[in-house]
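Chain residues, written in single-letter form:
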Amino acid sequence: MDINTVGVVGAGQMGTGIAQVCATAGLAVILLDAEPARLDQAMAALAAAFDRAADRGRVTAEEAAAALARIQPVQDYARFSDCQVAIEAVNEDEAAKRAVLKSLCAVLPPDAIISSNTSTISITRLAAQTDRPGRFLGMHFMNPVPKMGLVELIRGIATDEATFSTAHTFALLLGKTPISAEDFPAFVVHRILMPMINEAIYTLYEGVGSVESIDVAMRLGTHHPMGPLELADFIGLDTCLGIMHTLHEGLADSKYRPCPLLVKYVEAGWLGRKTGRGFYDYSGERPVPTR
């Protein structure tokens, strides 16, 4: 399949990043969101990102302008009728994703591929909501999309080999390294990463170490670029808790039980960077540990 136009549903952080890498690769992008304000914010963020790339010499000013011009913000699914690939990148809510998939199936060409950027929801279950389970798969991009080199490709039980092969080629076109993951809760990256973060929170909860000592230990002791608590704040503690619930419920193993301290922080609304407070307080010039 020749891919020249990609549809992205959801103009949040992930959808905007996916649109950016697609446009950078020379593809036309239809970026849809139900909220006009979110589309405006996304286009402003994309313009700033391409300007930074030009300022740093990664692209010329003309190339940056051309990439931005390849992204069309829309609120109407009808514009997806020319897309060869559609990527669903809305919030991690299954009902919302099902609604998006229903709308996509009504307008996409019969041979178009649909993918979901979900990090936790069953690809097989989502595929069953479409008119093309064989042409559906998971494409889980990492955050932030323009900087992270990995894409997890997840087959549902009905995904055909041609679909997977096309998605693999598409990921390479975007400059990403694709890996294959089976359709189990949280796939590969979050299956490994989230229990590590959860264990770091248990380490704090049980008084083994402070926020600072845990993060310094993992940065210097294992050469991680960010400590696990700092990373949890970056991801969002509500997101971390949701993934731990998915692992705990989906695999029925007590080792995935969310730490009570993580639950308390989420109940308090301390969700990390996006709320200004999590394991660190972000209200000052530099983050300060909250415990």
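Just so we're clear, the structure is a prediction, and the values are computed from it rather than from any experiment. (Residues numbered from 1 in each chain as written. Predicted model: local features only at pLDDT ≥ 70, side-chain atom pairs only at ≥ 80, totals over all residues. Heavy atoms only, no water.)

**Student:** Account for the overall build of the protein, with residues named and values stated.
**Tutor:** In terms of helices and strands, the protein carries 11 helices and 10 strands. The globule rule puts the C-alpha radius of gyration for 291 residues at 19 Å, and the 20 Å found for the protein is close to it. Its C-alpha atoms give the protein principal-axis dimensions of roughly 55 × 45 × 35 Å. The 291 residues of the protein split such that 47% are buried. Taking the intrachain contacts of the protein between residues at least 6 apart in sequence as the baseline, contacts between residues at least 24 apart amount to 65%. With the model as given, the accessible surface of the protein reaches about 13600 Å², and the carbon-plus-sulfur share is 53%. (Helix = DSSP H or I, 4+ residues; strand = E, 2+ residues; numbered from the N terminus. Rg over C-alpha atoms; globule rule 2.2 N^0.38 Å. Buried < 20%, exposed > 50% of the residue type's maximum accessible area, 1.4 Å probe, protein only. Contact = heavy atoms within 4.5 Å. Areas by Shrake-Rupley, 256 points an atom, 1.4 Å probe, with all protein chains shown as cover.)

**Student:** So, the pairing of strand β7 (residues 150-155): which residues are in play, and what are the values?
**Tutor:** Pairing of strand β6 (residues 136-141) with β7, which is carried by 5 bridges, proceeds in the antiparallel orientation. Residue pairing for β7: Met139 is matched across the bridge by Leu153. Sheet topology note: the β7/strand β8 (residues 177-181) ladder contains 5 bridges and is parallel. Each residue of the ladder has a partner; that of Val151, found in β8, is Pro178. Once you follow β7 into helix α6 (residues 161-173) and on to β8, the crossover reads as right-handed. (Pairing = 2+ DSSP bridges. Right-handed = clockwise from strand over helix to strand, strands pointing away.)

**Student:** Which residues make up the environment of Ala64, and what are the values?
**Tutor:** Structurally, the position occupied by Ala64 is in helix α3 (residues 61-69). Overall, Ala64 belongs to the buried group, its relative accessible area being 5%. The residues touching Ala64, leaving out its near neighbours within four places in the chain, are Phe50, Ala54 and Val59.

**Student:** Any chance you could break down the UniProt feature "binding site: NAD(+)" (unreviewed entry) in the protein for me, citing the residues and the numbers?
**Tutor:** The residues that UniProt annotates with the feature "binding site: NAD(+)" (unreviewed entry) are Gly10, Ala11, Gly12, Gln13, Met14, Gly15, Asp33, Glu92, Lys97, Ser119, Asn143 and Lys274. For this annotated set, covering 265 residues, the C-alpha atoms extend up to 22.7 Å from each other, a dispersed arrangement in space. For the largest pocket, the lining residues among the annotations just cited are Gly10, Ala11, Gly12, Gln13, Met14, Gly15, Asp33, Glu92, Lys97, Ser119, Asn143 and Lys274. Along the chain, the position of Gly10 falls in the loop between β1 (5-9) and α1 (13-24). In this structure, Gly10 is in contact with Gly15, Thr16, Leu31, Leu32, Asp33, Ala89 and Val90, ignoring residues within four places of it in sequence. With respect to the element layout, Ser119 can be found in the loop between β5 (113-116) and α5 (123-127). Overall, the relative accessible area of 10% leaves Ser119 in the buried class. Excluding anything up to four places from it in sequence, Ser119 contacts Glu92, His140, Ala186, Phe187, His190 and Ile243. (UniProt positions renumbered as here; feature names shortened; annotations may be inferred. 1 Å grid on protein atoms, 1.4 Å probe; cavity = no way out; pocket = protein on both sides within 12 Å on 5 of 7 lines; lining within 4 Å.)

**Student:** Summarise a positive patch on the surface; cite the residues concerned and give the values.
**Tutor:** Residues Arg52, Arg56, Arg58 and Lys147 make up a contiguous surface patch of positive charge. Mapped onto the elements, Arg56 comes out in the loop between α2 (36-55) and α3. (Patch = residues over 30% accessible without salt bridge, like charges linked within 9 Å, V, L, I, M, F, W, Y side chains within 5 Å. Salt bridge = Lys/Arg side-chain N within 4 Å of Asp/Glu carboxyl O. Lys, Arg positive; Asp, Glu negative; His and termini not counted. Charge placed at Lys NZ, Arg CZ, Asp CG, Glu CD.)

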